[in-house]
Amino acid sequence: MFLVVSALTNMFHVRGYGYIEYYTSFVKCVAVVLMIFFMFIMISGGIPATNGPIERRLASAVCDSFSGECLPSLWLIIWLVGMCVPSNDTNLVNASGTMGSPFIIAIKRADVYGLANSINGFTFLSVISCGITSVYIASRSLTALSDLQMIHSFFGRKDLQGRPYVSLIISLGLVGGLGYLNCNSVGSLVAIATLFQWGSIYIAHLRFRQGLRAQGKDLSTLPFKGLLTPWSQYFGLIIVLLVFGCEFYLACWPFGEKGSVKSFFSAYLAAPLFFFDYFVYKQWYFKTKIVKPVDMDFGPARAFDEQDLINAIAAEDAERDPEKNKRQTWTKRVLYIVIG
């Protein structure tokens, strides 16, 4: 079912994908905010816990089952969950599936089972949304590599609407099929690869700003500006390195079993694989060098920014056209969103 939904969504026009992700993300944010309010009420005494008050010395449950949806308010949720779920709760490590989620455990302790079912529904929606996004990113990454002539042009084939059907088939068939294998190595591979992905993004952005400064370009002219940039990138990079260290420790000395070569590569396979790919690609295949900040070429990127600005102005002018809005019925608008 997940593969079917992911495939159908990615067959839509990219605008349809954007609408689906927008609304599912909104629902997930609402769920997280509701849980924050619920746990505030719970720790304030408005909802008594079924297992009695939580001792302060046990209010430190920072567990591995935190989901990615918690990241925007990570520290607040860690504190709230630590106050609602004791660290010695057996469900944190023994419960299966969503029953091991700190949110579900907190709700069960408050004896509000209806809300627990609702959170399970939000979790189900999050899994579908994650699958849709993963297929989109995987297929577009292959297509972008092909367009940049880093891999064979076969992977960049598109239909008349611009959908990369070859990359979509590969992403759904190969990667989607591997996702159904009951193998811990696959999950660990994806998890570590995600850390490399975000670490690379942070480093690339910091290098980008370093190049602008080295060439005397004004950073205020950038079309997109982050409020905490570049400190947020440094902070994110530190978090990534910290998680890398924790994962390395768990790979060498796993809980409840003796460390071995098999357990290490089952949990940390992506790390040596990444460095192998990096050095083979950079030092042997293409033999490229790290570009110095003063030699970075920002010309093509500026052309893209200017074109985006022109397109945005044209889109705003089209939206202000009352005659065009009158001619478009609701059926035409729906079809435009779905198939372009």
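Residues numbered from 1 in each chain as written. Predicted model: local features only at pLDDT ≥ 70, side-chain atom pairs only at ≥ 80, totals over all residues. Heavy atoms only, no water.

- The chain appears in an unreviewed UniProt entry as Amino acid permease/ SLC12A domain-containing protein from Penicillium hordei.
- On record in UniProt, under Subcellular location (unreviewed entry), the comment for the chain is "Membrane". (UniProt positions renumbered as here; feature names shortened; annotations may be inferred.)

1. Points about the environment of Met42
- Examined against the element boundaries, Met42 turns out to sit in helix α2 (residues 14–43).
- Met42 gets classed as buried once you look at its relative accessible area, which sits at 8%.
- A C-alpha to C-alpha distance of 9.3 Å links Met42 and Leu80, two positions 38 residues apart in sequence. (Helix = DSSP H or I, 4+ residues; strand = E, 2+ residues; numbered from the N terminus. Buried < 20%, exposed > 50% of the residue type's maximum accessible area, 1.4 Å probe, protein only.)

2. Some words on the UniProt feature "transmembrane region" (unreviewed entry) in the chain
- Mapped onto this numbering, the UniProt entry gives "transmembrane region" (unreviewed entry) at residues 20–46, 122–143, 164–181, 187–206, 227–251 and 263–281.
- With 100% helix and 0% strand, residues 122–143 has end C-alpha atoms that lie 31 Å from one another.
- Annotated as 95% helix and 0% strand, the span residues 263–281 places its first and last C-alpha atoms 28 Å apart.

3. With respect to the packing of aromatic side chains
- Considering all chains together, one arrives at 18 aromatic pairs under this definition.
- Ring geometry for Phe248 against Phe264: centres 6.0 Å apart, planes inclined by 90°, an arrangement best described as edge-to-face. Of this pair, Phe248 sits in helix α9 (residues 231–252) while Phe264 sits in helix α10 (residues 261–268), placing them 16 residues apart in sequence. (Phe/Tyr/Trp six-rings, centres within 6.5 Å; stacked < 30°, edge-to-face > 60°.)

4. Describing a nonpolar patch on the surface
- On the surface, Leu145, Leu148, Met150, Tyr281, Trp284, Tyr285 and Phe286 cluster together into a nonpolar patch covering about 750 Å² of accessible area.
- Mapped onto the secondary structure, Tyr281 falls in helix α11 (residues 270–285).
- Judged by relative accessible area, which is 32%, Tyr281 ranks as partly exposed. (Patch = residues over 30% accessible without salt bridge, like charges linked within 9 Å, V, L, I, M, F, W, Y side chains within 5 Å. Areas by Shrake-Rupley, 256 points an atom, 1.4 Å probe, with all protein chains shown as cover. Salt bridge = Lys/Arg side-chain N within 4 Å of Asp/Glu carboxyl O.)

5. Considering the pattern of salt bridges
- Under the defined criterion, the tally for this structure stands at 2 salt bridges.
- Of the charged contacts in the structure, one is a salt bridge between Asp147 and Lys158, with a shortest N-O distance of 3.3 Å. Of this pair, Asp147 sits in helix α6 (residues 113–147) while Lys158 is found in the loop between α6 and α7 (165–179), placing the two residues 11 residues apart along the sequence.
- Overall, Lys158 belongs to the partly exposed group, its relative accessible area being 38%.
- Asp159 is paired through a salt bridge with Arg163; the nearest N and O atoms lie 3.1 Å apart.
- Since its relative accessible area comes to 16%, Arg163 is described here as buried.

6. Observations concerning the confidence of the model for the chain
- Residues at a pLDDT of 70 or more form 78% of the chain, whose mean pLDDT is 77.
- Mean pLDDT across the elements of the chain bottoms out in helix α13 (residues 322–327) (55) and peaks in α9 (90).
- Confidence drops under pLDDT 50 across residues 50–71; counting only partners more than four residues distant or on other chains, this segment forms 41 contacts. (pLDDT = per-residue confidence, 0-100. Contact = heavy atoms within 4.5 Å.)

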